[in-house]
Amino acid sequence: MRKPIIAGNWKMFKTSSEAVSFLAEVKGKAEIDGVESVICAPFTALPSLVKAAEGTTIAIGAQNVHYEDSGAYTGEISGGMLKELGVKYVIVGHSERRAYFGETDEIVNKKVHAAFRHGLTPIVCVGEKLEEREAGQTKEVCRVQTEGALQGLSAAQAAEVVIAYEPIWAIGTGKSSTAADAEDVIAYIRSVVKDLFGQSTADAIRIQYGGSVKPANVAEYLGQPNIDGALVGGASLEPASYVQLIEGAK
Ligand code: PEP
């Protein structure tokens, strides 16, 4: 059985001390048997957050990683640097990074491989733009992005990946995909994984929905057979709301 996974994506919010206060508030409450709880924080908050999460079941993730292990890449952070901090997950290919920082499917794929080289679990984001949805291209876009991201992985590695299906028009807009629409696309993404790696990998890989998920609608998404969790931006920033998201995933 796939364990549901709720991951908060804090984007460029929260200083290190704000992150530690948040963790103190959710400790104990955002730790529920049968649900994996992950916080993906800005780089600067990661060391103190990993320390604050010690002894809890809350895992800490980064929001980006460079694809090389070291080198003259001013301002970048490598997988080894994250691993040494005790970071477990890393978001790769978020639509904001694809849109504002020029991340292509090829770069996303290199980052996925970098994550595995350093023992990090990638949360790979895929999803269509509004105009692509309106042109009936949703599944094709998701197929190309999924195939691109997972290229060159072994079946065992692919089974470890978390995919986040995030329709771009639903991110931070308050507009969310219906649970039925999200289920339809996510079931399709699982079939793409099956075509690439076989049935057992498709059965094992966890696929989240993301896009204006909140405490009020999280259970509806998680109630769908193929939706294994949520990647949540805005609603993950308040401790009470984050706890409710974890509770709603049970
Ligand atoms: C996200 O940042 O990945 C996201 C889905 O944001 P929001 O929940 O705010 O739509």
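Remember, predicted model here, so these are calculated numbers, not experimental data. (Residues numbered from 1 in each chain as written. Predicted model: local features only at pLDDT ≥ 70, side-chain atom pairs only at ≥ 80, totals over all residues. Heavy atoms only, no water.)

Participant: Sorry if this is basic, but what is going on with the pattern of salt bridges here?
Facilitator: Pairs may arise between side chains of opposite charge once their charged atoms sit close together. Here the structure, examined in full by the defined rule, presents 14 salt bridges. For the salt bridge of Arg-98 with Asp-105, the shortest nitrogen-to-oxygen distance reads 2.7 Å. Overall, Arg-98 belongs to the buried group, its relative accessible area being 16%. Residue class for Asp-105 comes out partly exposed when judged on its relative accessible area of 25%. Here Lys-111 ties to Glu-103 by a salt bridge, and the two come within 2.6 Å at their closest N and O atoms. You'll find Lys-111 and Glu-103 in the same group, each marked buried. Put simply, Arg-2, Arg-190 and Asp-228 are held in one network by salt bridges that share partners. (Salt bridge = Lys/Arg side-chain N within 4 Å of Asp/Glu carboxyl O. Buried < 20%, exposed > 50% of the residue type's maximum accessible area, 1.4 Å probe, protein only.)

Participant: Looking at this structure, how should I read the nonpolar core?
Facilitator: One recurring pattern in soluble globular proteins is that nonpolar side chains are buried together. Counting 66 residues, the largest nonpolar core has Ile-6, Ile-39, Ile-163 and Tyr-209 as its most contacted members. Residues Val-38, Cys-40, Ala-59 and Ile-123 belong to the second largest nonpolar core, which totals 12 residues. (Core = buried A, V, L, I, M, F, W, Y, C linked by side-chain atoms within 4.5 Å.)

Participant: Explain helix H5 (residues 105-117) to me, please; I cannot follow it from the model alone.
Facilitator: Note: α-helices contain 3.6 residues per turn, so residues at a spacing of three or four share the same orientation. A rise of 1.5 Å per residue sets the reference length of H5, with its 13 residues, at 18 Å; its end C-alpha atoms lie 18 Å apart and thus fit the reference within 8%. When H5 is considered as a whole, its buried residues turn out to be Val-108, Asn-109, Lys-111, Val-112, Ala-114, Ala-115 and Phe-116. Packed against the buried residues of H5 are strand S4 (89-92), helix H4 (95-100), strand S5 (121-126), helix H7 (138-150) and helix H8 (155-160). In the stretch just after H5, Gly-119 is the one whose phi turns positive, near 70 degrees. (Helix = DSSP H or I, 4+ residues; strand = E, 2+ residues; numbered from the N terminus. Expected span 1.5 Å × (residues − 1). Contact = heavy atoms within 4.5 Å.)

Participant: Whenever I open this one, the UniProt feature "active site" (unreviewed entry) in the protein chain confuses me. Can you help?
Facilitator: UniProt feature "active site" (unreviewed entry): in the numbering of this structure it lies at His-94 and Glu-166. A maximum C-alpha distance of 8.6 Å places the annotated residues, which cover 73 residues in sequence, within one compact spot. With respect to the helices, strands and loops of the structure, His-94 is situated in the loop between S4 and H4. Not counting residues up to four positions away in its chain, the partners in contact with His-94 are Asn-9, Lys-11, Cys-125, Glu-166 and Ile-171. A distance of 3.4 Å separates a polar atom in the side chain of His-94 from a polar atom in the side chain of Asn-9. Within the secondary structure, Glu-166 is located in the loop between strand S6 (162-165) and helix H9 (179-197). Non-local contacts of Glu-166, meaning those with residues more than four positions away in its chain, are made with His-94, Cys-125, Val-126, Gly-127, Glu-128, Ile-171, Gly-210, Gly-211 and Leu-231. (UniProt positions renumbered as here; feature names shortened; annotations may be inferred. Polar contact = N/O pair within 3.5 Å; in protein donor to acceptor, adjacent residues only side chain to side chain.)

Participant: Please clarify how the site of the ligand should be interpreted in this entry.
Facilitator: Neighbouring residues of the ligand: 14 residues in total, closest Lys-11, Glu-166, Gly-172, Ser-212 and Gly-233. Measuring from an oxygen atom of the ligand, one finds a side-chain N or O atom of Asn-9 at 3.1 Å. Here an oxygen atom of the ligand sits 2.6 Å away from a polar atom, N or O, in the main chain of Gly-172. Taking 300 Å² as the accessible area of the ligand by itself, protein coverage stands at 95%. Classifying every residue of the shell around the ligand by side-chain character gives four nonpolar, eight polar and two charged. (Near = heavy atom within 4 Å. Areas by Shrake-Rupley, 256 points an atom, 1.4 Å probe, with all protein chains shown as cover. Nonpolar A, V, L, I, M, F, W, Y, C, P; charged D, E, K, R; others polar.)

Participant: Looking at this model, I keep getting lost on the sheet that holds S6. Mind explaining?
Facilitator: Two orientations exist for strands paired in a sheet by backbone hydrogen bonds: parallel and antiparallel. Read once around its circumference, the closed barrel built from eight strands follows the order S1-S2-S3-S4-S5-S6-S7-S8, with strand pairing classed as parallel. Going across the sheet, the axis of each strand differs from the next one's by a mean of 25 degrees, ignoring polarity. The strands that H5 touches are S4 and S5; relative to S5, the one it contacts most, it runs at about 160 degrees. (Pairing = 2+ DSSP bridges. Axes fitted to C-alpha atoms, helices over the stretch in contact; angles between N-to-C directions.)

Participant: What exactly am I supposed to notice about the packing of helix H1 (residues 16-26) against helix H12 (residues 239-248) here?
Facilitator: Each pair of packed helices can be summarised by the angle the axes make with each other and by the distance between the axes. Viewed as axis vectors pointing N to C, H1 and H12 meet at an angle of 50 degrees, and their least axial separation amounts to 9 Å. The angle between H1 and H12 falls in the class oblique. Considering the relative orientation of H1 and H12, their crossing is right-handed. Packed against H1, whose contacting residues are Phe-22, Glu-25 and Val-26, the element H12 presents Pro-239, Tyr-242 and Val-243 at the interface. (Parallel < 35°, antiparallel > 145°, perpendicular 65-115°, else oblique. Left-handed = near helix turned anticlockwise from the far one by under 90°.)

Participant: Even after reading the chapter, I still don't get the side chain of Asn-217, so can you show me in this structure?
Facilitator: Tracing the chain through its elements places Asn-217 in the loop between strand S7 (206-210) and helix H11 (218-222). Here the side chain of Asn-217 touches Ser-212 through a polar contact of 3.3 Å, landing on its backbone oxygen.

Participant: What is the right way to look at the pairing of S5 in this model?
Facilitator: In the case of a regular strand, side chains alternate between the two sheet surfaces. Along S5, six of the six residues are buried, which leaves the element largely enclosed by surrounding structure. Burial along S5 is two-sided: the residues Thr-121, Ile-123 and Cys-125 and Pro-122, Val-124 and Val-126 are all buried. Sheet topology places S4 next to S5; four bridges connect them, and they run parallel. Directly across from Ile-91, in S5, lies its bridge partner Ile-123. Relative to S6, S5 runs parallel, the two being bridged by four bridges. By the bridge assignment for S6, Val-126 is matched with Tyr-165.

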